[in-house]
Structures are given as C-alpha cells and as structure tokens.
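Understanding the architecture of this molecule
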Amino acid sequence: MKERVFIGIFIFFLSSVSALANEASSFSPPVLTPSLGFTAEYDQEKNTVHMSWEKWQKDFMWYKVIRSQVNPDPVYPEDGYIYYSDNPSVQEYTDRSPPRGKTFYRICAITFSKDRYCSNVVSIDTSLEDLESKSNFPICIQVVTPAKNPQTGVCKEFPTPCDVPDDWDVVDICQQPECIEGEFYAEDPENSKCQEFKTTCEIPQGWIEKDTCDEELLCDDVPVSAVNASGICKDFPSSCEVPENWTVIPDLKDCRNSGSFSLSVREGEESALVSWDPKNIMGEIIGYKILKSTIHPSPVFPPLEGDEFIYITNPEEMTYEDKDLTSETVYYRICAYRSQGLCFPYSDTFAFTYSKTLEEEGEEDVKKFSDISPSNEIGEAVLRYANDGVVQGFSDGSFKPEKGITRAEMAKIATLAVHANPDAVSNAIFCDVSPDEWFAPYVQYFFQNGFAEGFVGGDCPLNRFFSPHNPVLRSEALKMMFEVVGVDVQLLQENDTTGFSDVASDHWLAPYAKKAWEMGVFRGFDDGTFRPDIPATRGEVLLYFKRIQDAMKE
C-alpha cells in the first residue's frame, strides 16, 4: 500500500468510541455514528479550520464541537468544547484560532436522554511550514492522476496524487467500457431490487446482470413519493431509491403537492383554542394529531421525549379546546394521520403562551399547590416564592417540583427573587429571544448585569443565542444564583477541596461548589457527589435560593 501524507487533513474513521475512564459524567457512553458526516478543512492562508456536518434529528438538545491536542478520541464533556449550539439546523462552524500542531476535531450531538452521538474524528496539522521543510514528506502538485478502485473497478481522475485514496491503484488512463444499447436487467445484491437499464453503462458497479426481473422486485423508472415514521415526505426518482424504513404513498407523486395546513391558537377563558384548516390534503385521512411541546419548537409524531399529542379521531373536526395549560410557552403543530400509522403533511409551529395566572389563590399556603407540603424545606421554599409572585403553578393546581427548569424560567425566577424590576425590551439582544416574548425582560436583565453572556454562533446579525428553552444544569443554576444574589466566591488555594467527589479543584465550578458546601446550600447526594451535568429541577432551585438568601441575612 502506498505511503502518503495528506497535507492539512488526516481523517480517522473509528470503529468504536473507547470507554471513558472518568465515570463522573452523567451521560451515556458515547456512540460513534457515521450519519453526522463530519468534515474539517484547514485554510493555511486564513489560519482557520472550517467544519461541517449533517443535521441531527432525534431527541436533539446540543451540538458540541470538541477540540483536543492530547486525546485522539475526544468526547464531550471530558475534553470540553469550543462551540455550542442548540439549533439543530446549524451545520457548520469555523475555528478561527486553531492551535499549532496536530489537533483532533469532532462533533457530538447531545440528546435530552443524555446520550452522546459522536462523529468520526478529523485530525488537522497546522504546522505546514514544518512539513514542507522535511524532504521525506512529498509535496502534492496540481497533476491530474487517474486511479482505479481494485475492489469495484471504478476508475476516476483526481486533481493531485495526494487525493488518490490509499487503497486505489494509480493507472495511466481511465478506459471507459464500450456502451451497448438495448434492454438490460440487473439486481442490487444488497437489497434484491431489480431494475431495467437502456445501456450497459447505466448498470451500477456491483450489480448482477439478469435475464429479466421478477415482478415483485422490479423497479419502475418512475418518480415516487415516500414518507418516514416522522412524517417527512421526500421525492425519489424510482421505487428502488426508497429506503427500507420509508413508505411509498401510491396516490402522491410529488411531496410539494401533498397539501398544507393553516394553524392558529388563541386564548380562551381557561384554555387554548386550537383551530386548523387543511388545504388540498391528498390521500386518505383518518384523523389529526395535535402535537405539543414545551421543549422542541418543531414537535413531530411519534413524539420525542417530553412531548405529547392529542388525537382527533374525526377528520371533519377542525377545532380543539386544550385545557391542559402550563405557565410555559407551548409549541403546537398538527399533521394528518394516515392508516399506515404515518402523519403528514405538517403545519407550521404555533408558539402559544397563556397570559393569565394559572394558579388559584388559596386562603392558606398549604392549599396553594396539590403536590407541595409546607412541612418540608422544599415546600416552604416553593410557598415563600409563590406568595412573593416569583413562581406560579399549573392549571391542575400542582407545582411539579421535580420538573426540569429552562433557562428562560431561571432568568425570571432569579430576577424576581432579588426583587429586580427589569426594563421593557425594545431591541433584540439574542437571535432567539424576540422582544415580545414573556421572558425577554428577564433575559435582558441577565445579560445587562453579566449573569449570562449567551452562546456565540449562527448566522443572524447578532451572532449570539440565549437558548431560552434549554434545560439549566445544576452547575449552571448554582453559578447563576450566587452571581444574582451577590455571593462572593474565591478561587481555591493549593490543597483545597470542593467537598464533592465529582467536582475537582480545577473545575470551573469548584469555587461555587466549595462556597455552596461552606454556606450549607448543598452538601452533596448520599454518594458525596454534586452531579453538575444533570438538569436542575424547579423545587431544588427554589430551595437553594432560599438557603442562599437566608444565609446572606445572617
């Protein structure tokens, strides 16, 4: 096999992701997936590394771009990250300050289920001047180089010798076989699909020629439309091109003509009034699915974790009164349910926030929430802040203290807990926070006072995101609370410990964790851990706020 150095890019396709030595992480073991299609290229003139990847669909929470010069198999959070995005449509990033020498890059998709799906690793060597100075490193020049794949027989011309894959053979010329016209049949051995071709040159490499195609395997060279289990509709040039887990729609020849919905949601007395209008929907409809989420801005069917749906069994109905309200923004969407268990097409998403107070005033604190008792410390904290107007409950009379808290909710609670009066918002500060959102004033207060800077990235003019609907991790929540209340934390001295087995003295959380231990805000779980990377809950955030503020008064 030829030895060759590919200047600028070294790509390693890993067969598996190595087991992690550090078991402190609460994430599942990383899983290598080729579906992310990660690539990275070094621009020597600009001294930048540009990366791109395929869009992740399932249970998406974050993209994390990881960079390491030590670990050739880096993962999040063990090796940190240089870029973060909670927008599943983001598919590229440029590292404008790459370190000198060999550096390992990769993208990981983190899910709400705490799974880590990681791409292949790309190795970039930015020491090009060092490489070129060594005589044993060949320098590629622009010479078109024909090469042939010995396994498949495919022959291609490459722009330079360095572009030829290692397992290909360089040849003098790519000889094209003579094309014979007629009627020819060939079968794909991977899926047994059979197709008719008009010339021998059209037969794909590796297909097996046959005298004729069996009727059940024959593919018509006619465009078809198909959908997958998530209701995504796609057009294919023939039925042979349709993946096995997709369903061909016999009466639909073009996804663009599958019809559409108009969806609206307005506020009722104690409900959200959902209405829709199907327009030119093709095919049999047996009902509708109203999709709901407080997490995902574009909910799908089957629902992702944390989402739900309402099944309307009568296709003649076009309205629904949803009385199961929350104090959060709810994303509504609708799709037409089919007999195959599929739901398409989708409407656009409608974001709805109920403006009225959802809780009913009680004469006594004990009656305020059905799942809160004033006899324990969490209950005492919840009722204190509820009476102060800091938090609200749900329409069913509960508070749900075990429910996760979002960054938008955290901004509101922290702002009101210190009795701050945020200004009205006129101009957007973050790309994903509109000035008319209910949480915009609190996010603005957080930003103006340095409690949250947001995340850099994206292609909007502001180039900054707050990710208001993302969950707040326990580590993030503690830092926000200390900074909002004004607790002074000090860097750890030599031989200092944080008091928690999973927070090392050099962790960014260390000074906050040590302060939390000293003030009695939190002394750890039964196993002595802090668990910084799991989402914080509504109840524990209020409990820690209460302990911090009580300690500050003493």
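Residues numbered from 1 in each chain as written. Predicted model: local features only at pLDDT ≥ 70, side-chain atom pairs only at ≥ 80, totals over all residues. Heavy atoms only, no water.

1. A closer look at helix α4 (residues 440–448)
Going by this rule: We call a residue buried when its accessible area falls under 20% of the maximum for its residue type, exposed when it is over 50%, and partly exposed in between, using a 1.4 Å probe and counting protein chains only. A run of H or I in DSSP counts as a helix once it spans at least four residues, and a run of E counts as a strand once it spans at least two, with each numbered from the N terminus. For this analysis, residues touch if any pair of their heavy atoms sits within 4.5 Å.
Looking only at α4, the buried set comprises Ala440, Tyr442, Val443, Gln444, Tyr445 and Phe446. Buried residues in α4 make contact with α3 (407–417) and α5 (474–485). Phi turns positive, to about 75°, at Gly450, one or two residues after α4.

2. Side note on the environment of Val227
Take Val227: it is sitting in strand β18 (residues 224–227). The exposure class of Val227 is buried, given its relative accessible area of 0%. For Val227 and Phe344, which are 117 residues apart along the polypeptide, the C-alpha to C-alpha distance reads 8.0 Å. Discounting residues that sit within four places of it in the chain, Val227 has contacts with Ile232, Cys233, Trp246, Thr247, Ile249, Leu342 and Phe344.

3. Section: the pattern of salt bridges
Using the following cut-off: Salt bridges, as used here, are contacts in which a Lys or Arg side-chain nitrogen is within 4 Å of a carboxyl oxygen on Asp or Glu.
Applying the stated rule across the entire model yields 13 salt bridges. Between Arg384 and Asp550 there is a salt bridge whose closest N-O contact spans 3.1 Å. Of this pair, Arg384 sits in helix α2 (residues 377–387) while Asp550 is found in helix α7 (residues 538–553), placing the two residues 166 residues apart along the sequence. You can call Asp550 partly exposed: its relative accessible area is 22%. Look at the salt bridges and you will find they share partners, linking Glu377, Glu380, Arg384, Lys546, Arg547 and Asp550 into a network.

4. What about the nonpolar core?
Put simply, the rule reads: The criterion is simple. A nonpolar core is a set of buried Ala, Val, Leu, Ile, Met, Phe, Trp, Tyr and Cys residues joined through side-chain atoms within 4.5 Å.
With 58 residues, the main nonpolar core has Met410, Phe446, Phe482 and Phe545 as its most contacted residues. Residue assignment for this core shows that the elements contributing at least two residues are α2, α3, α4, α5, α6 (510–519) and α7. Filtering out sequence-adjacent residues up to four positions away, Phe446 remains in contact with Met410, Ala411, Ala414, Thr415, Phe451, Ala452, Met480 and Val484. Residues Tyr42, Phe60, Tyr93 and Tyr105 belong to the second largest nonpolar core, which totals 20 residues.

5. Here we look at the packing of aromatic side chains
Formally: Each Phe, Tyr or Trp ring (for Trp, its six-membered ring) is paired with any other whose centre lies within 6.5 Å, and the angle between the two planes then decides the class: stacked below 30 degrees, edge-to-face above 60, tilted in between.
Counted by the stated rule, this structure contains 28 aromatic pairs. Judged by centre distance (5.4 Å) and plane angle (75°), the rings of Tyr311 and Tyr337 are edge-to-face. With Tyr311 in strand β24 (residues 308–312) and Tyr337 in strand β26 (residues 330–337), the pair connects residues that are 26 residues apart, well separated along the chain. According to the relative accessible area criterion, Tyr311 is partly exposed, its value standing at 36%. Given the relative accessible area of 15%, Tyr337 is considered buried. Between the aromatic rings of Phe522 and Tyr544, the centroid separation amounts to 5.6 Å while the plane-to-plane angle is 50°, which identifies the pairing as tilted. Taken as a pair, Phe522 in the loop between α6 and α7 and Tyr544 in helix α7 lie far apart in primary sequence, 22 residues in all. A relative accessible area of 9% places Phe522 in the buried class.

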